Amino acid sequence: MNATILIVDDEKEIADLIGLYLQGEDYQIIKCYDGPSALEAIRTRTLDLAILDVMLPGIDGFTLCQEIRRSYHFPVIMLTAKVGDMDKITGLTIGADDYITKPFNPLELAARVKAQLRRYTQYNGGERGASPDIIEVNGLVINRATHECSLYDEPLILTPIEFNILWLLCERRGQVISAEELFETVWGEKYLDRNNTVMVHIRRLREKMHEPSREPRFIKTVWGVGYKID
């Protein structure tokens, strides 16, 4: 079955242009011109990818992206006239997979759509057949079968211990895991008081992921409790 793509842009000419190019690639197209109608489509239609303009009447693209990420894993491409780095960082942080600014080359956008769909199919097998050995969290992809990990398509070179810590946090996404549980699960040894081994490895993981020290995007510290990935 051909992929179904949601295009959301309040500029009808742009939405129609994108739709024309993607229909030429045999994709099924759903077009919306405001946030509320897009939200309805997200909740009621089976989608394989969404292209969201940031500035929309009713509900903005960032909010729509967050709504998608509450329940779905299909790729999201943000489309906007804004060129500031903070907008790009915001989009990627809340779960967008790619970001393209206006004016854009329709052929480049079509190529990015193909790449995202190919990657999504490869990693997840679609919504219905996700592999238990592969977890994807907002641009972070970790594969237990191949012991490979990437962040925004850039490989992360992890030690076996770092990989196992990250896998456990991703596998238990949304849950806080104590340093004691992390240590005893990953190292297979009894945790002793004042053992800072887990803290050191978390710091190294954050460095490799280029995480800001004060407000990390992935591995969060819940003070006095442990660590989690949202």
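Residues numbered from 1 in each chain as written. Predicted model: local features only at pLDDT ≥ 70, side-chain atom pairs only at ≥ 80, totals over all residues. Heavy atoms only, no water.

K.L.:
Can you help me understand the packing of aromatic side chains in this one?
P.N.:
Between two aromatic rings, the relevant description is the distance of the centres plus the angle of the planes. According to the stated counting rule, one finds 4 aromatic pairs in the structure shown. Note on Phe183 and Tyr191: the rings are 5.8 Å apart at their centroids and 70° apart in plane angle, and the pair reads as edge-to-face. Judged by its relative accessible area of 5%, Phe183 falls in the buried class. One aromatic cluster in this structure is built from Phe183, Trp187 and Tyr191. (Phe/Tyr/Trp six-rings, centres within 6.5 Å; stacked < 30°, edge-to-face > 60°. Buried < 20%, exposed > 50% of the residue type's maximum accessible area, 1.4 Å probe, protein only.)

K.L.:
Sorry if this is basic, but what is going on with the pairing of strand E4 (residues 76-80) here?
P.N.:
Each regular strand carries side chains that alternate between the two faces of the sheet. Most of E4 sits inside the fold, with 5 of its 5 residues counted as buried. Side chains Val76, Met78 and Thr80 of E4 all project onto a buried face; the interleaved residues Ile77 and Leu79 project onto the opposite face, where all are buried too. Pairing between strand E3 (residues 49-53) and E4: 4 bridges, direction parallel. Along E4, the bridge assignment pairs Ile51 with Ile77. Since E3 and E4 lie parallel, the crossover through helix H3 (residues 61-71) that links them has a hand, and here it is right-handed. Inspection of the sheet shows E4 paired to strand E5 (residues 98-101) by 4 bridges, in the parallel sense. When the sheet's bridge partners are listed, Met78 is paired in E5 with Tyr99. (Helix = DSSP H or I, 4+ residues; strand = E, 2+ residues; numbered from the N terminus. Pairing = 2+ DSSP bridges. Right-handed = clockwise from strand over helix to strand, strands pointing away.)

K.L.:
What should I look at first to understand empty space enclosed by the protein in this one?
P.N.:
Empty space among the atoms can be located by rolling a probe the size of a water molecule over them. Taken as a whole and judged by the stated rule, the model has 2 cavities of 30 Å³ or more. Space inside the largest cavity adds up to approximately 80 Å³. Considering the residues around the largest cavity, the lining is formed by Arg69, Tyr72, His73, Asp97, Glu136, Val137, Asn138, Gly139 and Arg173. Of the residues that constitute the lining of the largest cavity, the class distribution is 2 nonpolar, 3 polar and 4 charged. Roughly 40 Å³ of volume is contained in the second largest cavity. Considering the residues around the second largest cavity, the lining is formed by His73, Phe74, Pro75, Asp97, Gln116, Arg119, Tyr120 and Glu136. Ranked by residue count, the leading element in the lining of the second largest cavity is helix H5 (residues 106-124), at 3 residues. Of the residues assigned to the lining of the second largest cavity, the class counts are 3 nonpolar, 2 polar and 3 charged. (1 Å grid on protein atoms, 1.4 Å probe; cavity = no way out; pocket = protein on both sides within 12 Å on 5 of 7 lines; lining within 4 Å. Points joined across faces, edges and corners; volume = space filled by probe spheres on them. Nonpolar A, V, L, I, M, F, W, Y, C, P; charged D, E, K, R; others polar.)

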